[in-house]
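Results of the structural survey
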Amino acid sequence: MLKQPVNRALFDEVMVPNYNPQQMVPVRGRGSRVWDQEDNEYIDFAGGIAVNALGHVHPALVAALKEQSDKLWHLSNTFTNEPALRLAKKLIDATFADKVFFCNSGAEANEAAFKLARKYSYDNVGPEKHEIIAFYQGFHGRTLFTVSVGGQAKYREGFEPAPGGISHVPFNDLAALKAAISDKTCAVVMEPIQGEGGVIPADPEFVKGVRELCDQHNALLVFDEIQTGVGRTGHLYAYMGMGVEPDILTSAKALGGGFPIGAMLTTNKVASSFGFGTHGSTYGGNPLACAVAETALDLINQPELLNGVADKRALFVEELQKINAKHEIFKEIRGDGLLIGVELIDSMHGKAASFLAAAREEGLMILMAGPNVLRMAPSLIIPDEDIRDGMALLESAVTKVLMAENA
Ligand SMILES: Cc1ncc(COP(=O)(O)O)c(C=O)c1O
């Protein structure tokens, strides 16, 4: 079959304009390097937005996908399948959870979590216990329920009426949560590190306080670990380094290492409210996705890999500090493990997109987390050489942005 030649210009012609991708089309990747249609090389500090935790085209993931693709692609939930059963067992053995629900994305995992929290309170207390409390700047996906629980009004505006019974309080403000929570609260929803909201870690004392308030009011604690999960912070899940356990945890992104999959994890007690027929997804638990995710989990949930995340972070921070010593452009470097947020100095606020474009021109892929913060979420096994090479490119990009600013 002859493939029609395509280019970036076609995007604007044929795609709904909800995205505005960079002005090149990547065609292949390996490890932490990517090449575009013109064979220009890029170093990837973006990791597909915290997805490609094992880099691009990891041979073990390719082998798992090839093996499963020769056996069975899809069944629906009328039947179960071996990869889904194996993956569920491994997730349960590795976490607080007793039960898993599979879906295809982060938003779907959260949709399931929020529905389950409501249903659990409905079953055990009554319909009045339906209120969800979440945090300003939080991000939980783009379905109507998830943009409503998310704490950024811009993602909801124009799509109202939004589902009711949802309120927001400032992140890391226990007094505000204490004032808002009541016996009508069915769940408190939070990211251990707010990713899209600017890479803002939850204070350890705050997390403990949230758990206590949930217990006092018989509310479920939902951790959205879609960005922080599967090794990103150097723990399999971030909660493991926080001294608290959630009642529901959502996972996606890195779980499939680049193959779409989402999962909601919970306890036996809570799971019982998702009885037969209450919720579902045609593709959830798809054998191809689960076979790849099982292999990704096997590779990531190893002490050597997880411990290596702190070393890689140290190198990232060291290199960023070197750039800052020269250019005094970063106000703060924050986050945990390989979820790195770099806030620009006040006079550069609003300019993160200029740094992204300049970096891309130099051959470096990075992300932003709002208009003031550069974000990096690379492969957890990015070679040190790629970190150093990428930072040299970042420095060139910084120099060019500053020259353009001062011109
Ligand atoms: C914390 C968090 N939750 C949910 C989502 C939504 O995931 P998805 O885009 O797979 O629906 C994201 C995506 O960025 C996220 O970072």
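Quick caveat, the model's predicted, so the values are computed rather than measured.

**Quick look at the overall build of the protein chain**
In terms of helices and strands, the protein chain carries 13 helices and 17 strands. Over its C-alpha atoms the protein chain spans a radius of gyration of 21 Å, differing by no more than 12% from the 22 Å that the globule rule assigns to 407 residues. Along the first, second and third principal axes, the C-alpha atoms of the protein chain reach 65 × 55 × 45 Å. Here the protein chain holds 407 residues, and 53% of them are scored as buried. Restricting to contacts in the protein chain with at least 6 residues of sequence separation, those with at least 24 account for 70%. Total accessible area on the protein chain is roughly 18500 Å²; 54% of this is exposed by carbon and sulfur atoms.

**Concerning the sheet that holds strand 6 (residues 166-169)**
With mixed pairing, the seven strands of this open sheet are ordered in space as 4-12-11-10-7-5-6. Of all strands in the sheet, those with a lone pairing partner are strand 4 (99-103) and strand 6, marking the two edges. Averaged over all pairs of adjacent strands, the angle between their axes in this sheet comes to 20°, without regard to strand direction.

**As for the UniProt feature "binding site: N(2)-acetyl-L-ornithine" (unreviewed entry) in the protein chain**
Using the residue numbers shown here, the UniProt feature "binding site: N(2)-acetyl-L-ornithine" (unreviewed entry) corresponds to Arg142 and Ser281. Structurally, the position occupied by arginine 142 is in the loop between strand 5 (131-135) and helix 6 (144-149). Ignoring sequence-local partners within four residues, the contact set of arginine 142 consists of Ala107, Val147 and Tyr155. With respect to the element layout, serine 281 can be found in the loop between helix 9 (268-271) and helix 10 (287-300). Given the relative accessible area of 15%, serine 281 is considered buried. Each residue touching serine 281, except ones within four places of it in the same chain, is listed here: Asn77, Phe101, Cys103, Asn104 and Glu108.

**Points about the sheet that holds strand 15 (residues 364-365)**
Pairing is mixed across the open sheet formed by four strands, whose spatial order is 1-2-3-15. Each end of this open sheet is capped by a strand with a single partner; those strands are strand 1 (26-30) and strand 15. Here strand 3 (residues 41-44) pairs with strand 15 via two bridges, running parallel. Considered in strand 15, the bridge of isoleucine 43 is made with leucine 364. Along the sheet, helix 13 (residues 384-406) makes contact with strand 2 (33-36), strand 3 and strand 15, crossing strand 3 at roughly 110°.

**A few points about the UniProt feature "modified residue: N6-(pyridoxal phosphate)lysine" (unreviewed entry) in the protein chain**
Sequence positions flagged by UniProt for "modified residue: N6-(pyridoxal phosphate)lysine" (unreviewed entry) are, in local numbering, Lys253. Residue position: lysine 253 is located in the loop between strand 11 (248-251) and strand 12 (262-266). Apart from residues no more than four positions distant in its own chain, lysine 253 is found in contact with Ile49, Ala50, Val51, Ile226, Gln227, Gly258 and Ile261. Engagement of the side chain of lysine 253 in a polar contact is seen with the backbone oxygen of isoleucine 49, the distance being 3.1 Å.

**A closer look at unusual backbone geometry**
Cis peptide bonds are those with omega within 30 degrees of zero, and the linkage from glutamate 160 to proline 161 qualifies with 5°. Positive phi values are uncommon outside glycine, yet aspartate 39 reaches one of about 70°. In this structure, glutamate 328 takes a positive phi of about 45° despite not being glycine. By the element assignment, glutamate 328 lies in the loop between helix 11 (303-327) and strand 13 (330-336). Given a relative accessible area of 61%, glutamate 328 falls into the exposed group.

**Description of the nonpolar core**
Counting residues in each nonpolar core, the largest one holds 81 residues, and the members touching the most others are Met190 and Met376. Here this core spans two domains, and each of domain 1 (8-57 + 303-406) and domain 2 (72-300) adds at least three residues to it. With residues near it in sequence (within four places) discarded, methionine 376 still touches Phe45, Phe316, Leu320, Leu338, Leu339, Ile340, Val342, Ile366, Met391 and Leu394.

**Some details on the packing of helix 12 (residues 352-362) against helix 13**
The N-to-C vectors of helix 12 and helix 13 enclose an angle of 125°; their axes lie 8 Å apart at closest approach. With respect to their mutual orientation, helix 12 and helix 13 come out oblique. Relative to helix 13, helix 12 is oriented so that their crossing is right-handed. In contact with Ser354, Phe355, Ala358, Ala359 and Glu362 of helix 12, helix 13 contributes Leu393, Ser396, Ala397, Val398, Lys400 and Val401. When grouped by side-chain class, the residues that make up the contact of helix 12 with helix 13 number seven nonpolar, two polar and two charged.

**Regarding the pattern of salt bridges**
For the coordinates displayed, the defined rule picks out 23 salt bridges. In this structure, the salt-bridge partner of glutamate 67 is lysine 71, at a minimum N-O distance of 3.2 Å. For aspartate 123, the salt bridge identified is with lysine 119, shortest N-O distance 3.2 Å. A residue pair is termed a helical-turn pair when its members lie 3 or 4 positions apart in one helix, as aspartate 123 and lysine 119 do in helix 5 (residues 106-124) at four residues. Assessed through its relative accessible area of 40%, aspartate 123 is described here as partly exposed. Here lysine 119 falls in the partly exposed class, since its relative accessible area comes to 28%.

Conventions we followed
- Residues numbered from 1 in each chain as written.
- Predicted model: local features only at pLDDT ≥ 70, side-chain atom pairs only at ≥ 80, totals over all residues.
- Heavy atoms only, no water.
- Helix = DSSP H or I, 4+ residues; strand = E, 2+ residues; numbered from the N terminus.
- Rg over C-alpha atoms; globule rule 2.2 N^0.38 Å.
- Buried < 20%, exposed > 50% of the residue type's maximum accessible area, 1.4 Å probe, protein only.
- Contact = heavy atoms within 4.5 Å.
- Areas by Shrake-Rupley, 256 points an atom, 1.4 Å probe, with all protein chains shown as cover.
- Pairing = 2+ DSSP bridges.
- Axes fitted to C-alpha atoms, helices over the stretch in contact; angles between N-to-C directions.
- UniProt positions renumbered as here; feature names shortened; annotations may be inferred.
- Polar contact = N/O pair within 3.5 Å; in protein donor to acceptor, adjacent residues only side chain to side chain.
- Core = buried A, V, L, I, M, F, W, Y, C linked by side-chain atoms within 4.5 Å.
- Domains from an automatic or database assignment.
- Parallel < 35°, antiparallel > 145°, perpendicular 65-115°, else oblique.
- Left-handed = near helix turned anticlockwise from the far one by under 90°.
- Nonpolar A, V, L, I, M, F, W, Y, C, P; charged D, E, K, R; others polar.
- Salt bridge = Lys/Arg side-chain N within 4 Å of Asp/Glu carboxyl O.

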